[in-house]
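This is what each chain is made of:
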Amino acid sequence: NYINDGYYYYDGTGQYSSGNSLLDYMMGVPDGYLQSSGAVINVRSAEYYAYAQDNWKVSNTLTLNYGLIWDVETPWLNLQYGGLGATCWSLSSQVSTVYPDSAPGLLYPGDKGCNQAAGVPTHWDHIGPRVGFAYSPVTGPKFLVGSSGTHAFSVRGGFGVYYNRDQEEGSLQNLSSPPFFVESQGALDFGGSPGFANPFADVAGNGSEPSPFPYTIPPVGTPDNVPFLDINAFSKNYTQPTVYNFNLNIQRELPSQMVLTVGYVGELGRHLIDVVDGDPITPAGHAACVAEGAACIGSAAVRSQQHYFYPGHTALANVTDPIDQAYGLPWYLSVGVQSSGGVSSYNALQVQLQKAPTHGLSLNLSYTYSHSLDNGSG
């Protein structure tokens, strides 16, 4: 229930500020106000998991280990707002039938291509192999394998595929989707300055607006026309993160009851969670901004808000809010689409020397040289 009660803030920079935030507080002249209708997340998911494993001692020098998992992590079903809380996104002019007159591309469960999982399919084909081996020869070069029959040398390796549950927080982003959520800055909404006695009236008496709270969600079928949207949705290709683990190491027994281990350990992460703009600036739009020169690319504020200043630069080009068509204003300021396009890699050399207790002395020395790269983690 984010700022459901509302709050005033004082920082000495308001329209009627004295420049001293403490004095402003005593006079009841805040610099601003913020309040929201609040919301509670309500999502559900399930996991179906099965695993089988077997060990096979091929000989007294070789053992194999192998297994297989079936791991289905269903998408989060968004049950909030009567089951309509999962905002779906389509980069098209498709308009919702659940909430008519809503922005093109903004869909709800009940619209074609949208469901309570935000259009994300369940992947029933998540199967992961697990394989490993341990090999310890009893004959060979003495410097490598030791005395015949002692098993002083061994090689081990393994590989496994693992699927992971994504965070519930992804569905949390839908809480502010229209028309389920309202946020107000009080008198600042119409260019005034909120007063402490009534945040929805200008402190200098220059107008007021009715409070939208408590807020009632419009029933299904009600026209929804909200300009300048910042929405969140899921990619239709969204899937759960996958990790590939693998390692290979050798062990050699040394004098004085010591064991030296040298290993390579690797891990690859795929389908990691990241966020992309669902209505991106196109290559043509980028080129147009560059060609515009200082008016576009020369201003950091304009360059980062091309959706607002240059709606024709986006993939959903020139689809404007019908209320503000005369001004060419767009429906969207941004569309945060949560996707699973992130990747990571980890590679490491790991060296360890262990000495079992003898004459009251034991030791464990370890060294790791590793390198990690990713474009999506956390």
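What comes next concerns the included structure. Keep in mind it's a predicted model, so treat the numbers as computed, not measured.

A word on the overall build of the chain
A tally of helices and strands in the chain yields seven helices and 16 strands. Taken over the C-alpha trace, the chain has a radius of gyration of 30 Å; the compact-globule value for 378 residues is 21 Å, which it surpasses by more than 25%. Considered along the principal axes of its C-alpha atoms, the chain spans approximately 95 × 55 × 45 Å. The long-range fraction of contacts in the chain, counting pairs at least 24 apart against all pairs at least 6 apart in sequence, stands at 68%.

Some remarks on a nonpolar patch on the surface
Side chains of Tyr 48, Leu 68, Trp 70, Trp 124 and Ile 127 sit close together on the surface and give an oily, nonpolar patch of about 510 Å² of accessible area. Tracing the chain through its elements places Ile 127 in strand β9 (residues 127-135).

Description of the environment of Tyr 10
Position of Tyr 10 among the secondary structure elements: in the loop between β1 (7-9) and α1 (21-27). Considering only alpha carbons, one finds Tyr 10 and Asp 31, 21 residues apart in sequence, at a separation of 5.2 Å. Sequence-distant contacts of Tyr 10, defined by excluding residues within four places in its chain, comprise Ser 21, Asp 24, Tyr 25, Val 29, Pro 30, Asp 31 and Phe 196.

So, the side chain of Arg 130
Positionally, Arg 130 belongs in strand β9. The buried charged residue Arg 130 lacks any salt bridge partner; its closest oppositely charged side chain belongs to Asp 71, at an N-O distance of 6.4 Å. Within the structure, the side chain of Arg 130 is placed 3.3 Å from the backbone oxygen of Val 161, a separation counted as a polar contact. If we skip the residues at most four places from it in the chain, Arg 130 touches Tyr 49, Tyr 51, Asn 65, Tyr 66, Gly 67, Ile 69, Phe 159, Gly 160, Val 161 and Tyr 162.

Brief notes about the packing of aromatic side chains
Each aromatic ring pair is characterised by the separation of its centres together with the angle its planes make. The tally for this structure, following the rule as stated, stands at 13 aromatic pairs. Ring centres of Phe 200 and Phe 213 lie 6.4 Å apart, and the angle between their planes is 50°; on these two criteria the pair is classed as tilted. Of the two residues, Phe 200 is situated in the loop between β11 (183-184) and β12 (229-234) and Phe 213 in the loop between β11 and β12; the sequence distance between them amounts to 13 residues. For Phe 200, a relative accessible area of 7% puts it in the buried group. Arranged with centres 6.1 Å apart and planes meeting at 35°, the rings of Phe 246 and Tyr 264 form a pair that is tilted. Highlighted residues: Phe 246 in strand β13 (residues 242-254) and Tyr 264 in strand β14 (residues 258-277), separated in sequence by 18 residues. Grouping aromatic residues by their ring pairs yields a cluster made of Tyr 8, Tyr 33, Phe 196, Phe 200 and Phe 213.

Some words on the state of the cysteines
For the structure on display, the rule yields two disulfides. Disulfide pairing is shown between Cys 88 and Cys 114; the S-S distance is 2.0 Å. In this structure, the disulfide formed by Cys 88 and Cys 114 twists by about 75° around the S-S bond and is classed as right-handed. Taken as a pair, Cys 88 in strand β7 (residues 88-89) and Cys 114 in the loop between β8 (106-107) and β9 lie far apart in primary sequence, 26 residues in all.

What to know about the side chain of Glu 73
Residue position: Glu 73 is located in strand β5 (residues 62-73). On the basis of relative accessible area, Glu 73 is assigned to the buried category, the value being 3%. Beyond its immediate sequence surroundings of up to four residues, Glu 73 is in contact with Ala 46, Glu 47, Tyr 163, Asn 164, Arg 165 and Gln 240.

Observations concerning the pairing of strand β16 (residues 361-374)
As judged from the 13 bridges shared by strand β15 (residues 332-358) and β16, these two strands associate in the antiparallel manner. Following the sheet pairing, Val 351 is matched in β16 by Tyr 367.

Here's the deal with the pattern of salt bridges
Within this structure, the stated rule accounts for two salt bridges. As a salt-bridge pair, Glu 73 and Arg 165 come within 3.5 Å of each other at their nearest N and O atoms. Here Glu 73 is found in strand β5, whereas its partner Arg 165 is found in the loop between β10 (153-163) and α4 (169-172), with 92 residues between them in sequence. For the salt bridge of Asp 166 with Arg 165, the shortest nitrogen-to-oxygen distance reads 3.0 Å. For Asp 166, a relative accessible area of 5% translates into the label buried. Of the residues examined, Arg 165 reaches a relative accessible area of 28% and is grouped as partly exposed. When salt bridges that share partners are traced, they join Glu 73, Arg 165 and Asp 166 into one network.

Describing the environment of Leu 106
With respect to the secondary-structure elements, Leu 106 resides in strand β8. Ignoring any residue separated from it by four or fewer positions in sequence, one finds Leu 106 in contact with Thr 87, Cys 88, Trp 89, Ser 96, Pro 178, Leu 229, Ile 231 and Tyr 332.

With respect to unusual backbone geometry
What is expected of a backbone is that most residues other than glycine have negative phi and most peptide bonds are trans. That bond from Pro 178 to Pro 179 is cis: its omega, 0°, falls within 30 degrees of zero. With respect to the helices and strands, the residue Pro 179 is situated in the loop between α4 and β11. Note that the residue after Phe 213, namely Pro 214, is joined by a cis bond; omega there is -5°. Inspection of the secondary structure puts Pro 214 in the loop between β11 and β12. A positive phi angle, close to 55°, is found at Gln 257, a residue other than glycine. Tracing the backbone through its elements, the reader meets Gln 257 in the loop between β13 and β14. The phi torsion at His 271 lies on the positive side, around 60°, for a residue other than glycine.

Calculation criteria
Residues numbered from 1 in each chain as written. Predicted model: local features only at pLDDT ≥ 70, side-chain atom pairs only at ≥ 80, totals over all residues. Heavy atoms only, no water. Helix = DSSP H or I, 4+ residues; strand = E, 2+ residues; numbered from the N terminus. Rg over C-alpha atoms; globule rule 2.2 N^0.38 Å. Contact = heavy atoms within 4.5 Å. Patch = residues over 30% accessible without salt bridge, like charges linked within 9 Å, V, L, I, M, F, W, Y side chains within 5 Å. Areas by Shrake-Rupley, 256 points an atom, 1.4 Å probe, with all protein chains shown as cover. Salt bridge = Lys/Arg side-chain N within 4 Å of Asp/Glu carboxyl O. Buried < 20%, exposed > 50% of the residue type's maximum accessible area, 1.4 Å probe, protein only. Lys, Arg positive; Asp, Glu negative; His and termini not counted. Polar contact = N/O pair within 3.5 Å; in protein donor to acceptor, adjacent residues only side chain to side chain. Phe/Tyr/Trp six-rings, centres within 6.5 Å; stacked < 30°, edge-to-face > 60°. Disulfide = S-S within 2.5 Å. Pairing = 2+ DSSP bridges.

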